[in-house]
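So you can see what is in the structure, the chains are spelled out below.
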Amino acid sequence: MNAIDTIINALKSALPSLSLSAGTIERKMIDVFGSVADTYRRDLSDTKNAIDRALAEQRITTRDYYRRRAVDFQIDDELKYDPVTFLPYYEKVDDEKRIIKQAYIIGEFPNYTIIVNTVDKSTGMLRALTEQELASFTTYFSAFLPLGLELTAITTPPASITDPGITLYVNTGTDATKVADNVNKALRAHEQTLRKTNTVTRSEIEGVMRSVPGVVAVGWVNPTAFETHPDGSETTTSDVKGVFPLETGAFVFGTEITVDRIKTLS
């Protein structure tokens, strides 16, 4: 049933005595408004169908799809397009050119924001992208977005979790210098692993530290998380029951583990 018939039936039900013959002013007004309503409804339907087709053709169903496409980005490489499917791809996959290590999506359909981080080669720690890197990534990422979906790419510094009083306990005879070096390396590697959640726990960080041979316990004093949010605001929070509820999940452990933080168990 079109909009004109819907309006006429509703008026007949509410006002049985109202004249709705073709020549009346009421009928002319109904014809105009009904035609506009039908056009609007048809446009909405066409747009939804176009979005559904794009999603089906590209098998886009989850946020994880976009996160995976983000970490596939190869800096300074040009995308090619399949002549049949028109889907974008890299002619050569080069892991050395992939720079995105963390990608987290916030927002609700159809307006999303993806927050990305890369690695500072001089420190091995996560960092925000430069303006040039973000511009290049945005151009690449736009190739994967279907009609009707808004997904803005931004970058923020990762959260910094610190504890100036932290102590690592090792067994007698353990090389403290080697342990400190290996713990820092293990933390850097863990921070670069694509996260599945935006929460970070004490037990998660402690588990990374204790995975290093020789470390038997970790003593916390006052761990806090400093985070810069997408809107530019900054917060410093303590964990709640061992959990840091971060906005993006990207983090670095900002307290360097040095020899003086390592104690030998007697």
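In this text, all values refer to a predicted model and were calculated from it rather than measured experimentally.

Draft legend 1. Representation of the sheet that holds strand β15 (residues 262–264). Ordered by their spatial adjacency, three strands build an open sheet running β10-β8-β15, and the pairing between neighbours is mixed. Each edge of the open sheet carries a strand with a single partner, namely β10 (215–219) and β15. Neighbour-to-neighbour, the strand axes of the sheet open up by a mean angle of 30 degrees, direction not taken into account. In the sheet, strand β8 (residues 167–170) pairs with β15 via three bridges, with the strands oriented parallel. The partner of valine 170 across the bridge, within β15, is threonine 264. Across the face of the sheet, helix α6 (residues 202–210) comes into contact with β8 and β10 while running at roughly 145 degrees to β10.

Draft legend 2. Just the side chain of arginine 188, in detail. With respect to the secondary-structure elements, arginine 188 resides in helix α5 (residues 176–192). With residues up to four places along the chain from it excluded, the contact list for arginine 188 reads Thr123, Gly124, Met125 and Phe253.

Draft legend 3. Quick peek at the packing of α5 against α6. Relative to each other, α5 and α6 sit at 135 degrees, their axes nearing to 8 Å. One element, α5, and the other, α6, form an angle in the oblique class. For the element pair α5 and α6, the recorded crossing hand is right-handed. Only Glu204, Ile205, Val208 and Met209 of α6 make contact with α5, whose side of the interface consists of Val183, Ala186, Leu187 and His190. Its residues assigned to classes, the contact of α5 with α6 comprises six nonpolar, one polar and one charged.

Draft legend 4. Molecular detail of empty space enclosed by the protein. Scanning the entire structure with this criterion turns up one cavity of 30 Å³ or more. Approximately 40 Å³ is the volume found for the largest cavity. If you go around the largest cavity, the residues you meet are Arg67, Gln102, Ala103, Tyr104, Ile115, Asn117, Thr248, Gly249 and Ala250. Those elements giving two or more residues to the lining of the largest cavity turn out to be β3 (102–108) and β4 (111–120). The dominant element in the lining of the largest cavity, judged by the number of residues it contributes, is β3, at three residues.

Draft legend 5. Focus on the sheet that holds strand β14 (residues 251–253). Taken in spatial order, the four strands line up as β12-β11-β7-β14 in an open sheet, and their pairing is mixed. The two strands at the open ends of the sheet, each matched to only one other strand, are β12 (234–238) and β14. Taking the axes of each pair of neighbouring strands and ignoring which way they run, one obtains an average angle of 20 degrees across the sheet. In the sheet, strand β7 (residues 159–162) pairs with β14 via three bridges, with the strands oriented parallel. Paired with alanine 159 across the two strands is phenylalanine 251, which belongs to β14.

Draft legend 6. Structural context of the packing of helix α3 (residues 63–71) against helix α4 (residues 131–142). Their axes nearest at 10 Å, the elements α3 and α4 cross at an angle of 130 degrees. Of the possible angle classes, the one that applies to α3 and α4 is oblique. When the axes of α3 and α4 are compared, the crossing they make is right-handed. Listed contacts from α4 to Tyr66, Arg69 and Ala70 of α3 are Phe137, Tyr140 and Phe141.

Draft legend 7. Summary view of α4. In a regular helix each residue adds 1.5 Å, so 12 residues correspond to 16 Å; α4 covers 16 Å between its end C-alpha atoms and thus fits that length. Contacts made by the buried residues of α4 are with α3, β1 (79–81), β2 (88–90), β4, β5 (125–127) and β6 (150–155).

About the criteria used
- Residues numbered from 1 in each chain as written.
- Predicted model: local features only at pLDDT ≥ 70, side-chain atom pairs only at ≥ 80, totals over all residues.
- Heavy atoms only, no water.
- Pairing = 2+ DSSP bridges.
- Helix = DSSP H or I, 4+ residues; strand = E, 2+ residues; numbered from the N terminus.
- Axes fitted to C-alpha atoms, helices over the stretch in contact; angles between N-to-C directions.
- Contact = heavy atoms within 4.5 Å.
- Parallel < 35°, antiparallel > 145°, perpendicular 65-115°, else oblique.
- Left-handed = near helix turned anticlockwise from the far one by under 90°.
- Nonpolar A, V, L, I, M, F, W, Y, C, P; charged D, E, K, R; others polar.
- 1 Å grid on protein atoms, 1.4 Å probe; cavity = no way out; pocket = protein on both sides within 12 Å on 5 of 7 lines; lining within 4 Å.
- Points joined across faces, edges and corners; volume = space filled by probe spheres on them.
- Expected span 1.5 Å × (residues − 1).

Nothing here speaks to function; it is geometry throughout.
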